[in-house]
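Reading the structure
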Amino acid sequence: MLKRLIKNNKKEFALGFIFLFLFALNRPIMSRLIIVNMDMAKGKIPFSFQKILILNLLYLLYYLCSNLFSEKYLDIFMVKSKDYLNRNLIKNTIFNNSSMWYEKKSELINIFATDISTITDNYVQGLIQIIYLVVSFLSAAFLIYSISIELLIYLLIVSILLYTYKE
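Structural notes, computed from the coordinates. Along each chain, numbering runs from 1 in the same order as the chain's sequence is written. Local features are withheld for residues below a pLDDT of 70 in this predicted model, meaning they are given only at 70 or higher, and side-chain atom pairs are given and counted only at 80 or more; totals for whole chains, interfaces and linings count all residues. Think of the side-chain values as coming from all heavy atoms in the structure, minus any hydrogens and water.

1. Comments concerning the overall build of the chain
Tallying secondary structure elements over the chain gives seven helices and zero strands in all. Partly exposed describes any residue whose relative accessible area lies between the buried limit of under 20% and the exposed limit of over 50%, with all areas from a 1.4 Å probe on protein chains only and scaled to the type maximum. By the burial criterion, 25% of the 167 residues in the chain qualify as buried. The long-range fraction of contacts in the chain, counting pairs at least 24 apart against all pairs at least 6 apart in sequence, stands at 74%. Method for areas: the Shrake-Rupley scheme with a 1.4 Å probe, in which residue coverage is limited to the protein chains shown. In the structure as shown, the chain presents an accessible area of about 11800 Å², 67% of it carried by carbon and sulfur atoms. Runs of E in the DSSP output that reach at least two residues are strands. Runs of H or I that reach at least four are helices, and both are numbered from the N terminus. It only takes one pair of heavy atoms within 4.5 Å for two residues to be counted as in contact.

Dropping the structure here:
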């Protein structure tokens, strides 16, 4: 079903996914920015008020745009997905089998009112959250790897053990 929804709304899903991917990278970028700011404060990098201001403002602009556009395009994708599911339900029940509409009117109204919203709100939104969390995890792992591979291995082992043995 998700393949069909993505196929019918390629542009919105692609743009939403790209901006969601960029938004998921914001914490590692912020971590690197904090490191640069701290290096400037310690004197490891020559201090420049303009440089620090520009870097921080660029990060804030990046954060704002990636969050705003990922929400915008994923919301459009969700609305178009609901519309697609509603249209297909109408086409398959009312137009192809009009007697079914009169026999099971309350069931069909219930599907329009709750089931389609549940599918798009829970199923599609859950898949989008999984994508976001995987990209966030991988980007954070890459950041930790750039600091120390031993630290990354340690954190991965602890994460796996906590996930495996939680009750």
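2. What to know about the packing of aromatic side chains
Ring pairs shown here join Phe, Tyr and Trp side chains whose ring centres sit within 6.5 Å, with only the six-membered ring taken for Trp; geometry is labelled stacked below 30 degrees between planes, edge-to-face above 60, and tilted in between. Evaluation of the coordinates by the stated rule reveals nine aromatic pairs. Ring geometry for phenylalanine 13 versus phenylalanine 77: centroids 5.2 Å apart, planes at 55°, classification tilted. Of this pair, phenylalanine 13 sits in helix H2 (residues 10-24) while phenylalanine 77 sits in helix H4 (residues 49-95), and the two are 64 residues apart along the sequence. Phenylalanine 77 carries the same exposure label as phenylalanine 13, and that label is buried. Through a chain of ring-to-ring contacts, three or more aromatic side chains come together here, namely Phe23, Tyr59, Tyr62, Tyr63 and Tyr132.

3. Examining the environment of valine 135
Inspection of the secondary structure assignment puts valine 135 in helix H6 (residues 105-147). Separated by 112 residues in the primary sequence, valine 135 and phenylalanine 23 place their C-alpha atoms 9.4 Å from one another.

4. Things to note about the environment of threonine 118
Among the secondary structure elements, threonine 118 is positioned in helix H6. Taking relative accessible area as the criterion, threonine 118 reaches 40% and is therefore assigned partly exposed.

5. Structural notes on the side chain of serine 139
Counting through the fold element by element, serine 139 comes out in helix H6. We classify serine 139 as buried; its relative accessible area is 8%. Contact partners of serine 139, with chain neighbours within four places excluded, come to Ala24, Leu25 and Pro28.

6. Some words on the pattern of salt bridges
When a carboxyl oxygen of Asp or Glu lies within 4 Å of a side-chain nitrogen of Lys or Arg, that pair is called a salt bridge. For the structure shown, the criterion picks out one salt bridge. For lysine 80, the salt bridge identified is with glutamate 12, shortest N-O distance 2.8 Å. Remark: glutamate 12 occurs in helix H2 and lysine 80 occurs in helix H4; sequence separation between them is 68 residues.

7. Things to note about the nonpolar core
One recurring pattern in soluble globular proteins is that nonpolar side chains are buried together. We call a set of buried residues a nonpolar core when its members are Ala, Val, Leu, Ile, Met, Phe, Trp, Tyr or Cys and they connect through side-chain atoms within 4.5 Å of each other. Residues Leu5, Leu20, Phe77, Leu85, Val124, Ile128 and Tyr132 are the most contacted members of the largest nonpolar core, which totals 16 residues. Elements that contribute at least two residues to this core include exactly H2, H4 and H6. The element that contributes the greatest number of residues to this core is H4, accounting for six residues.

8. Re a nonpolar patch on the surface
Every patch collects residues that have over 30% relative accessible area and no salt bridge, joining them within 9 Å if they carry like charges and within 5 Å if they are nonpolar side chains (Val, Leu, Ile, Met, Phe, Trp, Tyr). A contiguous nonpolar patch, built from Phe142, Tyr145, Ile149, Ile153, Ile157, Leu161 and Tyr165 and spanning about 770 Å² of accessible area, is present on the exposed surface. Contributions of two or more residues to the nonpolar patch are made by H6 and helix H7 (149-165). Sorting elements by how many residues they give to the nonpolar patch places H7 first, with five residues. Following the sequence through the fold, isoleucine 149 ends up in helix H7.

9. Let's talk about helix H3 (residues 26-42)
Helix span, expected: 1.5 Å multiplied by one less than the number of residues in the helix. Taking 1.5 Å of rise per residue, the 17 residues of H3 would be expected to cover 24 Å, and the 24 Å separating its terminal C-alpha atoms lies within 8% of that figure. The complete set of buried residues in H3 reads Asn26, Pro28, Leu33, Asn37, Asp39 and Met40. A positive backbone phi angle near 90° is found at glycine 43, which sits one or two residues after H3.

Taken by themselves, the reported measurements are silent on function.
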